[in-house]
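# Commentary on secondary and tertiary structure
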Amino acid sequence: MTHETSATPDYTMGFSEGFLESLRRYTAAANAAYLLPYLRPGLRILDFGCGPGTISVGLAHAVAPGELHGVDMEKSQTDMAEAAAAFYGLDNAVFHGGDVTDMPFEDDFFDVAHCHNVLMHVPDTAAVLAEVKRVLKPGGIIGCRELNCSASFTYPDFGIIRRAWDMFEDVLTADDGHPQMGKELKSHILAAGFTNVKASGSFVTYSSPQDIEYIYRFIQNWFLSAEITEAAIKYGAATERLCEEIRVAYSRWKEHPGAVIGVAFGEVLANKP
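Residues numbered from 1 in each chain as written. Predicted model: local features only at pLDDT ≥ 70, side-chain atom pairs only at ≥ 80, totals over all residues. Heavy atoms only, no water.

## Topic: the packing of aromatic side chains
Taken as a whole, this structure holds ten aromatic pairs when the rule is applied. With a centroid separation of 4.9 Å and an interplanar angle of 85°, the aromatic rings of Phe-105 and Phe-110 are classed as edge-to-face. Under the relative-accessibility criterion, Phe-105 is labelled buried at 9%. Arranged with centres 6.0 Å apart and planes meeting at 55°, the rings of Phe-153 and Phe-203 form a pair that is tilted. In this pair, Phe-153 is assigned in strand 6 (residues 153-155) and Phe-203 in strand 7 (residues 195-206), connecting sequence segments 50 residues apart. Residue classification places Phe-153 among the partly exposed positions, given a relative accessible area of 34%. Aromatic ring contacts, followed pair by pair, group Tyr-206, Tyr-214, Phe-218, Trp-222 and Phe-223 into a single cluster. We note Arg-44 situated over the ring of Phe-109; from NZ or CZ to the ring centre the distance is 4.0 Å. Against the face of Phe-265 rests Arg-145, its NZ or CZ located 4.0 Å from the ring centre. (Phe/Tyr/Trp six-rings, centres within 6.5 Å; stacked < 30°, edge-to-face > 60°. Buried < 20%, exposed > 50% of the residue type's maximum accessible area, 1.4 Å probe, protein only. Helix = DSSP H or I, 4+ residues; strand = E, 2+ residues; numbered from the N terminus. Lys NZ or Arg CZ within 6 Å of the ring centre and 35° of its normal.)

In structure tokens form, the structure reads like this:
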């Protein structure tokens, strides 16, 4: 489907190099640890909204010689995912372009379905979960991990950086996204008719000198890029002055010996009845 007709439209957050660098830091071991104990060789797994495949390749390794199928609406993402699978010599990972509300698979096709920070960007959560439920086998597992923006933090704040989180929430909400999906997950999964729901949570903490440098580059090159700030100003989520104050505050934060960021996630495991 094209972006104009898709139920999962191109979102404001974009696919800049700064954003893609953040995705490349994600791995199955770090970001799907809640799901990995349920995987075994021979299973067939769906990674919906797979992005550049950095988590996908770890999932594919865990189920080999079983199959992994990744789906993403952005060809740039599936191209990178294919390259990642080739780099690791994985011949059991296949990536598809497409809309996660209309996937090219038979009913009851997968043993496991996984997503990471996908439902937070999708306007119609129920439509995505209904389609995932369709392609899962009875008894199949769904595993989702999503951002909980309100529980995430930056320290020190300098009286301004919390407003950067608020700005992110406002832009995502204006774009029909769900910045608190991490804590809403259980309710959505139950409403979709899944059973045996297990909810958990986790933090990714950035505090080493390398982490601080990475986050600073990420903020400057992606979050405060013209693409994002212009959208935020258009949506009424920010002003030019606020963006500049955030930029200055993060420059101070980078030099502070106590600098730390905690990013909160909600996780859910459930079964198709």
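## Examining a nonpolar patch on the surface
A cluster of nonpolar side chains, Phe-153, Tyr-155 and Phe-203, forms an exposed patch at the surface whose accessible area comes to about 320 Å². As for its position among the elements, Tyr-155 is in strand 6. (Patch = residues over 30% accessible without salt bridge, like charges linked within 9 Å, V, L, I, M, F, W, Y side chains within 5 Å. Areas by Shrake-Rupley, 256 points an atom, 1.4 Å probe, with all protein chains shown as cover. Salt bridge = Lys/Arg side-chain N within 4 Å of Asp/Glu carboxyl O.)

## With respect to the nonpolar core
Formed by 61 residues in total, the largest nonpolar core has its most connected members in Leu-46, Phe-48, Leu-119, Ile-142 and Phe-223. Beyond its immediate stretch of four places on either side in the chain, Leu-119 contacts Phe-48, Thr-125, Val-128, Leu-129, Cys-144, Glu-146, His-178, Met-181 and Leu-185. The next biggest cluster of nonpolar side chains, apart from the first, holds 24 residues, and it includes Ile-55, Val-57, Ala-81 and Ala-84. (Core = buried A, V, L, I, M, F, W, Y, C linked by side-chain atoms within 4.5 Å. Contact = heavy atoms within 4.5 Å.)

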